[in-house]
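The residues making up each chain are set out below.
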Amino acid sequence: MSEETFDLIVIGAGPGGYVAAIRGAQLGMKVAVVEKRGSLGGVCLNEGCIPSKALLDSSELYHLAKDRFAVHGIEVQPPTLNLGQMMARKDDVVKKLTDGIAFLFKKNKVVSFLGTASLLSSENGTHRVEVKGEETKVISGKKVILATGSEAVQIPTLPFDGESVVSAREALSFPTVPEHLLVVGGGYIGLELGSVWLRLGAKVTVVELLPRLVAGSDGQVAEALQRSLKKQGMAFMLGAKVAGVAKKDGKLLARVEGEGETQEISCDKVLVAVGRRPLTAGLNLEGVGIAMDGGRIRVDADYATNVPGIYAIGDLIAGPMLAHKAMEEGAVCVERMHGEPSQVDYGCIPGVCYTWPEAASVGKTEEALKEEGVAYKSGKFSFIANGRAKCMDETEGFVKLLTEAEGGRLLGVHILGPRASDMIAEAVTVMAFGGSGEDIALTMHAHPTLSEAIKEAALDLDKRAIHG
Ligand code: NAI
């Protein structure tokens, strides 16, 4: 039987891969996607962004009903947790969204293959890809995009066992609320999943190697976020690491080393969230001669690897491992193949930590500007003085705007506050258009909204905030 041939084969149906496939089909390409997981959407939809946000939203509602309704004059019996229903709702959200990708593939005539892909050969402009599924088949394409994403990094002293020492995947589905969850890594995953289980009643201790949380984020945001999480009951051991874990009397005993002393901490589960690394196993990158760069696949401005016709995007290549960054690269990669001058604006990648309050940012931090010796101005406004935040009883946090000292171009925006994840979009847009703090200050913002805090922070650049 002759091999099926496509214009484009995308390996991996995560946010980068599925967007590349749909955009390719929209541009008239005959597209195949190879995915080894039984459902589409990759880590993001199946065991990352989406299920974690479903649980963050549910656990936030539980916390509000338990601790915050009374202040609004709503008297309820103390709510009880139905964890099974909470998990079922999360699974339903995941199913609807992954089915949605399958629907979009059908609509765009993207052919999907279930199986593990391996690059067989690249000759005369044709790339042959083996797909090992229920049966093994070979398909060929004029172009191939590698979009296989990443996997959780494992610490040698704390190997995952799927039960006691786990990655985010298992921590999204604990069957009961752990009494004490030890989180290793105070980054995005650690703080988000730590928040979920804290709100549901677990004791949560975060062990972080560095002396601060969310490395790379604005220092003031990280400090204020830590204060807020501490107030919520989360415990922190900064500048510390877990040297090992032993089982004793049905519990886990973790040895935590920090500041010259070692402590033994009793817990039920250990979530290891110390970063992710590109997932390339089985692709046969070496076999076809694809060059790497510091553990990531090396690509040029077209996302082309050193092997003509083979491209790579998302977590496999340089840059932050974020779903939205991969999505942009997926679309831009196929548009450039098609001769369009598309580009990803790497200076404008928003980052969001979905704790409560949420931490969202775009552009440079104050620390980075200082290090680079850039002259800048800073404007700040606290939600305590924002009318809508008062109405919501959500007054923690602030907006910080950083602009060029001369010219006023917006260089960075850092928000800690309610729905910072949605508010950051305004800052991203202004920055993408090369706008200034003055542009924001001159723009009318609806009253009363949380977004007025952004306008007030812009006014504060010239010390003329009205409510500050
Ligand atoms: P991360 O890179 O955000 O944080 C890992 C933390 O672990 C760092 O603070 C690091 O200093 C610390 N660490 C490293 N080794 C350690 C050790 N031995 N002991 C204690 N601490 C140690 O990584 P995370 O949270 O695992 O997330 C993985 C990736 O997924 C990130 O690249 C992130 O961008 C992405 N992600 C993004 C989310 C979002 O956009 N909201 C949510 C979840 C993940």
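What you see is a predicted model, and the numbers here were worked out from it, not measured in a lab.

1. Considerations on the UniProt feature "domain: Pyridine nucleotide-disulphide oxidoreductase dimerisation" (unreviewed entry) in the protein
Line of reasoning, step 1. Mapped onto this structure's residue numbering, the UniProt feature "domain: Pyridine nucleotide-disulphide oxidoreductase dimerisation" (unreviewed entry) falls at residues 349-458.
Line of reasoning, step 2. Split by type, residues 349-458 is 35% helix and 28% strand. Its first and last C-alpha atoms lie 20 Å apart.

2. Some points on the sheet that holds strand β22 (residues 376-382)
Line of reasoning, step 1. Strand order in the open sheet formed by five strands is β20-β21-β24-β23-β22, and the pairing between neighbours is antiparallel. Each edge of the sheet is formed by a strand with only one pairing partner; in this case those strands are β20 (351-353) and β22. The average angle at which neighbouring strand axes cross in this sheet is 10 degrees, direction not considered.
Line of reasoning, step 2. Sheet topology places β20 next to strand β21 (residues 358-363); three bridges connect them, and they run antiparallel. In the sheet register, Val 352 faces β21, and the bridge partner there is Ala 360.
Line of reasoning, step 3. Along the sheet face, helix α14 (residues 452-460) touches β22, β23 (398-404) and β24 (410-417) and points at about 140 degrees away from the line of β22.

3. Topic: the UniProt feature "domain: FAD/NAD(P)-binding" (unreviewed entry) in the protein
Line of reasoning, step 1. Within this numbering scheme, the UniProt entry marks residues 6-330 as carrying the feature "domain: FAD/NAD(P)-binding" (unreviewed entry).
Line of reasoning, step 2. For residues 6-330, the end-to-end C-alpha separation is 17 Å, with 32% helix and 30% strand making up the annotated structure.

4. Thoughts on the domain arrangement of the protein
Line of reasoning, step 1. Examined at the domain level, the protein breaks down into domain 1 (4-151 + 277-344), domain 2 (165-274) and domain 3 (348-460).
Line of reasoning, step 2. Residue-level contacts link 17 residues of domain 1 with 14 residues of domain 2.
Line of reasoning, step 3. On the surface where domain 1 and domain 2 come into contact, there are three salt bridges.
Line of reasoning, step 4. Glu 60 is the salt-bridge partner of Arg 199, the closest N and O atoms lying 3.6 Å from each other.
Line of reasoning, step 5. Linking domain 1 with domain 2 are six residue pairs in polar contact (both at pLDDT 80 or more).
Line of reasoning, step 6. No other element matches helix α3 (residues 49-68), which puts 10 residues into the side of domain 1 that touches domain 2.
Line of reasoning, step 7. In the side of domain 1 that touches domain 2, the residues fall into eight nonpolar, four polar and five charged.

5. With respect to the sheet that holds strand β14 (residues 261-267)
Line of reasoning, step 1. Taken together, three strands build an open sheet; the order of strands is β12-β13-β14 and the sheet is antiparallel. Either end of the sheet is taken by a strand with one partner, and the two such strands are β12 (240-248) and β14. For this sheet the average axis-to-axis angle between neighbouring strands, irrespective of direction, equals 25 degrees.
Line of reasoning, step 2. Across seven bridges, strand β13 (residues 251-258) lies against β14 in antiparallel orientation. Directly across from Leu 253, in β14, lies its bridge partner Ser 266.

6. Remarks on the pattern of salt bridges
Line of reasoning, step 1. All told, the structure shown has 30 salt bridges when counted by the stated rule.
Line of reasoning, step 2. For Glu 396, the salt bridge is made with Lys 231, and the minimal N-O distance between the two is 3.7 Å. On the criterion of sequence distance, the pair formed by Glu 396 in the loop between α11 (387-392) and β23 and Lys 231 in helix α7 (residues 219-232) is long-range, its members being 165 residues apart.
Line of reasoning, step 3. Looking at Glu 396, the relative accessible area reads 31%, which means it is partly exposed.
Line of reasoning, step 4. Judged by relative accessible area, which is 66%, Lys 231 ranks as exposed.
Line of reasoning, step 5. In this structure, the salt-bridge partner of Glu 372 is Lys 364, at a minimum N-O distance of 2.9 Å.
Line of reasoning, step 6. Since its relative accessible area comes to 46%, Glu 372 is described here as partly exposed.

7. Some remarks on α7
Line of reasoning, step 1. Its 14 residues place the ends of α7 20 Å apart at the C-alpha level, agreeing with the 20 Å of an ideal helix rising 1.5 Å per residue.
Line of reasoning, step 2. Buried within α7 we find Gly 219, Val 221, Ala 222, Ala 224, Leu 225, Gln 226, Ser 228 and Leu 229.
Line of reasoning, step 3. Contact partners of the buried residues in α7: α6 (188-199), β11 (235-238), β21, α10 (366-372), β23 and β24.
Line of reasoning, step 4. Looking at where α7 begins, the residue whose side-chain oxygen comes 3.0 Å from the main-chain nitrogen of Gln 220 is Asp 218.
Line of reasoning, step 5. Just downstream of α7 lies Gly 233, where phi reads positive at about 115 degrees.

8. Points about the packing of aromatic side chains
The geometry of an aromatic ring pair is captured by the separation of the ring centres together with the interplanar angle, meaning the angle of the planes.
Line of reasoning, step 1. Counted under the stated rule, the structure contains two aromatic pairs.
Line of reasoning, step 2. For the pair Phe 6 and Phe 113, a centre-to-centre distance of 5.9 Å together with 85 degrees between the ring planes defines the contact as edge-to-face. In this pair, Phe 6 sits in strand β1 (residues 4-11) while Phe 113 sits in strand β3 (residues 111-114), placing the two residues 107 residues apart along the sequence.
Line of reasoning, step 3. Given a relative accessible area of 9%, Phe 113 falls into the buried group.
Line of reasoning, step 4. Residues Phe 174 and Trp 197 carry aromatic rings whose centres are separated by 5.2 Å and whose planes lie at 45 degrees to one another, so their mutual orientation is tilted. Of the two residues, Phe 174 is situated in the loop between α5 (168-171) and β9 (180-184) and Trp 197 in helix α6; the sequence distance between them amounts to 23 residues.
Line of reasoning, step 5. By relative accessible area, which is 3% here, Phe 174 ends up buried.
Line of reasoning, step 6. Between the NZ or CZ atom of Lys 30 and the centre of the ring of Phe 6, over which it lies, the distance is 4.9 Å.
Line of reasoning, step 7. Of note, Lys 380 hangs over the ring of Phe 398, and the distance from its end group to the ring centre comes to 4.3 Å.

Rules used in this analysis
- Residues numbered from 1 in each chain as written.
- Predicted model: local features only at pLDDT ≥ 70, side-chain atom pairs only at ≥ 80, totals over all residues.
- Heavy atoms only, no water.
- UniProt positions renumbered as here; feature names shortened; annotations may be inferred.
- Helix = DSSP H or I, 4+ residues; strand = E, 2+ residues; numbered from the N terminus.
- Pairing = 2+ DSSP bridges.
- Axes fitted to C-alpha atoms, helices over the stretch in contact; angles between N-to-C directions.
- Contact = heavy atoms within 4.5 Å.
- Domains from an automatic or database assignment.
- Salt bridge = Lys/Arg side-chain N within 4 Å of Asp/Glu carboxyl O.
- Polar contact = N/O pair within 3.5 Å; in protein donor to acceptor, adjacent residues only side chain to side chain.
- Nonpolar A, V, L, I, M, F, W, Y, C, P; charged D, E, K, R; others polar.
- Buried < 20%, exposed > 50% of the residue type's maximum accessible area, 1.4 Å probe, protein only.
- Expected span 1.5 Å × (residues − 1).
- Phe/Tyr/Trp six-rings, centres within 6.5 Å; stacked < 30°, edge-to-face > 60°.
- Lys NZ or Arg CZ within 6 Å of the ring centre and 35° of its normal.

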